[in-house]
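Structure assessment
Here's the letter readout for the chains.
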Amino acid sequence: MIVAPSLLAANFAKLGEDIDMINRSNAAWVHCDVMDGVFVPNISFGFPVIKAVSALTDKPLDVHLMIVDPGRYVSQVRDCGATIMNVHYEACTHLHRTIQAIRAAGMKPAVTLNPATPVTLLQDIIEDLDMVLLMSVNPGFGGQSFIEHTIKKIKELRKLITETGSKTLIEIDGGINTVTGALVASAGADVLVAGNAVFSAANPLEEINSLASL
Ligand code: DX5
Ligand code: ZN
């Protein structure tokens, strides 16, 4: 599995040490959660922090924007070193335009769906996407419990991807540990985001490697 540890659960006072641990692990990407306090009821970190992270790792940055109208920030997200720009379906009025702008800026476009947003809404955009992120918790906070209904959505999304012949990856974010990670992997997921499971583990590096070997 592609594993993207979420920095939201890292120790911000010693972020460099946590990035160094990720660098030594089998994590493929680094997941950065940006929250604006409007789209979600929490505020996390923004571009200066992502830029600092980018300087400390060669692993691609998967930037998950939980903000209103993320299309306003395509060039800033690119300039702070993102490889993947992940925007919420619910936050974009002109999703197709935003996706084209992300690709034109040289990044990989991904669309995120909240737990209550159906997979079928992606049928006219799926072939333009490098990845779909299915939220398996309501966005805004780490450490929540995995919503079981996500399994059904993964299977539906896998079917849509197969039918259209697209190469879109399926990423799952929220409440992922080795137990829920195994469930979503067998349902058809490609990428696991994990915050608390990694950073609360006795050995975070081993936890990342366990998720990667699912
Ligand atoms: C939640 C964020 C997640 C969060 C996951 O809104 O998008 O990336 O860090 O945290 P865990 O893995 O603890 O559920
Ligand atoms: Zn996230």
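Check the entry above for the structure.
Description of the structure in this document. In this numbering scheme, every chain counts its residues from 1 along its sequence in written order. Written order decides the labels, with chains lettered from A and ligands numbered from 1. Local features are withheld for residues below a pLDDT of 70 in this predicted model, meaning they are given only at 70 or higher, and side-chain atom pairs are given and counted only at 80 or more; totals for whole chains, interfaces and linings count all residues. As a rule here, side-chain values come from all non-hydrogen atoms in the structure, and water together with hydrogens is ignored.

**Notes on the coordination of the zinc ion (ligand 2)**
- In this listing, donors mean N, O and S atoms no farther than 2.8 Å from the metal, or 3.2 Å for Na, K and Ca; water is missing from the atoms, so a site can look incomplete. Here the zinc ion (ligand 2) is held by His-31 (NE2), Asp-33 (OD), His-64 (ND1) and Asp-173 (OD), and the distances to it run 2.0 to 2.3 Å.
- Around the zinc ion (ligand 2), the six donor atoms sit at angles spanning 71 to 169 degrees, and that spread fits a shape best called octahedral.
- Spacing between the donor residues of the zinc ion (ligand 2) along their common chain follows H-x1-D-x30-H-x108-D. Within this pair, whereas His-64 is found in strand E3 (residues 61–66), its partner Asp-173 is found in strand E7 (residues 169–173), the two being separated by 109 residues in sequence. Here the metal geometry follows the donor angles, with tetrahedral for four donors whose angles all fall between 85 and 135 degrees, square planar for four and octahedral for six when opposite donors are more than 155 degrees apart and every other angle is between 65 and 115, and irregular for all the rest. What counts as a helix is a DSSP run of H or I of at least four residues, what counts as a strand is a run of E of at least two, and both are numbered from the N terminus.

**Concerning the site of ligand 1**
- A single heavy atom is enough: if one lies within 4 Å of a molecule or strand, its residue is considered near that molecule or strand. Lining the immediate surroundings of ligand 1 are 20 residues, of which Ser-6, Gly-140, Asp-173, Gly-175 and Gly-195 lie closest.
- At a separation of 3.2 Å, an oxygen atom of ligand 1 approaches a polar side-chain atom of His-64.
- Within the backbone of Asn-196, an N or O atom sits 3.0 Å from an oxygen atom of ligand 1.
- Areas reported as accessible are Shrake-Rupley estimates using a 1.4 Å probe. Residue values count occlusion only from the protein chains shown. Here ligand 1, which alone exposes 380 Å², has 99% of that area covered by the protein. Within 3.5 Å is the distance limit for a polar contact, defined as a pair of N or O atoms, with the added protein rule that one can donate a hydrogen and the other accept it, and that residues adjacent in sequence qualify only through two side-chain atoms.

**Overview of the pairing of strand E4 (residues 82–88)**
- The buried fraction of E4 is high, at six of seven residues.
- Strand direction decides the pairing type here: E3 and E4, joined by five bridges, are parallel. In the strand pairing of E4, His-64 is matched with Asn-86.
- Note on the crossover from E3 through helix H3 (residues 74–79) to E4: the handedness is right-handed.
- Relative to strand E5 (residues 108–113), E4 is paired through five bridges, and the arrangement is parallel. Note on exposure labels: buried denotes an accessible area under 20% of the residue type's maximum, exposed denotes more than 50%, and partly exposed covers the range between, all computed with a 1.4 Å probe on protein chains only. Here a strand pair is declared whenever DSSP counts at least two bridges between the two strands. When the strands point away from the viewer, a crossover counts as right-handed if the path from the first strand over the helix to the second runs clockwise.

**Considering the state of the cysteines**
- Count a disulfide wherever a pair of cysteine sulfur atoms falls within 2.5 Å. Summed over all chains, the structure comprises zero disulfides.
- The closest cysteine sulfur to the non-disulfide-bonded Cys-32 is located on Cys-80, 7.9 Å from its own sulfur.
- Relative accessible area serves as the criterion here: at 0%, Cys-32 is assigned to the buried category.
- Cys-92 carries a free sulfur, and the closest cysteine sulfur to it, the one in Cys-80, is 17 Å from it.

From the geometry alone we can't say anything about function, so treat these as descriptive.
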